[in-house]
Amino acid sequence: MKEQIQNIENQLSSYKFKASEDVEKFRIQFLGSKGQIKGLYALLRDVPNDKKKESGQLINALKQKAESLFEAAKKNQTSSPVNKLKEDLTRPAPDLKLGSHHPLSIIRREIVDVFKKIGFSISEGPEIEDDWHNFSALNFPPEHPARDMQDTFFIEKGENEIALRTHTSSVQVRVMEGSEPPIRTISPGRVYRNEAISARAHCFFHQIEGLYIDEGVSFADLKQTLLFFAQEIFGAKTKIRLRPSYFPFTEPSAEVDVSCTICKSKGCNVCKYTGWLEILGCGMVDPNVLEASGIDSKKYSGFAFGMGVERIAQLKFKVNDLRMYSENDLRFLNQFKSTL
Ligand code: DAH
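This write-up is about the structure you can find in this document. Remember, it's a predicted structure, so these values are computed and weren't measured experimentally. (Residues numbered from 1 in each chain as written. Predicted model: local features only at pLDDT ≥ 70, side-chain atom pairs only at ≥ 80, totals over all residues. Heavy atoms only, no water.)

It is worth spelling out the site of the ligand at this point. Around the ligand sit 15 residues in total, of which His167, Ser169, Arg193, Gln207 and Glu209 are the nearest. Glu209 has a polar side-chain atom sitting 2.5 Å from an oxygen atom of the ligand. For the ligand, whose free accessible area comes to 360 Å², the fraction covered by protein is 88%. Looking at side-chain class alone, the shell around the ligand contains five nonpolar, eight polar and two charged residues. (Near = heavy atom within 4 Å. Polar contact = N/O pair within 3.5 Å; in protein donor to acceptor, adjacent residues only side chain to side chain. Areas by Shrake-Rupley, 256 points an atom, 1.4 Å probe, with all protein chains shown as cover. Nonpolar A, V, L, I, M, F, W, Y, C, P; charged D, E, K, R; others polar.)

Scanning the entire structure with this criterion turns up 18 aromatic pairs. Aromatic side chains Tyr15 and Phe30 sit 6.1 Å apart centroid to centroid with 80° between the ring planes, which places their arrangement in the edge-to-face category. Placement of the pair is Tyr15 in the loop between α1 (2-14) and α2 (21-31) and Phe30 in helix α2, with a sequence separation of 15 residues. For the pair formed by Tyr15 and Phe30, the shared burial category is buried. Taking the centre distance of 5.4 Å and the plane angle of 20° together, the rings of Phe115 and Phe229 count as stacked. Placement of the pair is Phe115 in helix α6 (residues 103-117) and Phe229 in helix α9 (residues 219-234), with a sequence separation of 114 residues. Each member of the pair Phe115 and Phe229 is classed as buried. Above the face of the Phe154 ring, Lys157 is positioned so that its terminal group lies 3.8 Å from the ring centre. (Phe/Tyr/Trp six-rings, centres within 6.5 Å; stacked < 30°, edge-to-face > 60°. Helix = DSSP H or I, 4+ residues; strand = E, 2+ residues; numbered from the N terminus. Buried < 20%, exposed > 50% of the residue type's maximum accessible area, 1.4 Å probe, protein only. Lys NZ or Arg CZ within 6 Å of the ring centre and 35° of its normal.)

This is the structure we're talking about:
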């Protein structure tokens, strides 16, 4: 009896499940009603009484081993991807997950498209910029606060200072240095400031710079261009308002407000009950800036403007926490699918 048990045990241990049919073959051979283990129980009748208990225990252990081998083989069979495929080759493939454009990309593209319609080209410059293009050529005096370590991320200090650009106005200089008027260009890009991150400020954000230089360009051209832009982006009924301001690179300079798109100028907490929302800075390019880039300020004049993409997106999408734009939270990003 012991020999027979040992013999079946050896067969179990060396059994190879090669094909999926082998699982059922195994069951029939060892565990089936006419299988080898059932046969052993039948033989138990002829075993002398004093050996019955021991033999019975050995057969039970053998049966348990066969059962666990069978269960494991069955599990293996169903979890194998090949076998899953074998089950139903006509099954439809799972849906592909479609991505979506980032809200800032959507707005940037909308703004760029507006200016493309009126003949502006697109230009880009480096994010790591030297002092000349970011500050000096734009008429920043040496002691201007933006040149301070507290406001700007410097990479190299000293004679030839290198920093992460603090605005896209640096691209103005590069375009003027590299081309002859007439110039009509917009420059979208990322900018950096040494700010603590909060709902209202971030250490990086996005701007779009505009520059128009030709003979006889006037402040009226600037106003009309910005009105066109505001009405294309915020709706045909949008009004603009210019408030005198100061930038080192423009003279005169102004800040531009649009009539509040949220309350239709009736007064709400977004426009702080003024009916107006500030959207950009602008002005006539200072003759010093033209000359610094090799453009004859007696012959040419021009205007420039710069806006924050996050600010425009905030007004269009009513997002009030700047951090959302860079957290990559899918619950936020998925909401912009329909805007494609
Ligand atoms: N560079 C300014 C800023 O970062 C924005 C700006 C204002 C750009 C007036 C201009 C301009 O071109 O004319 O705040």
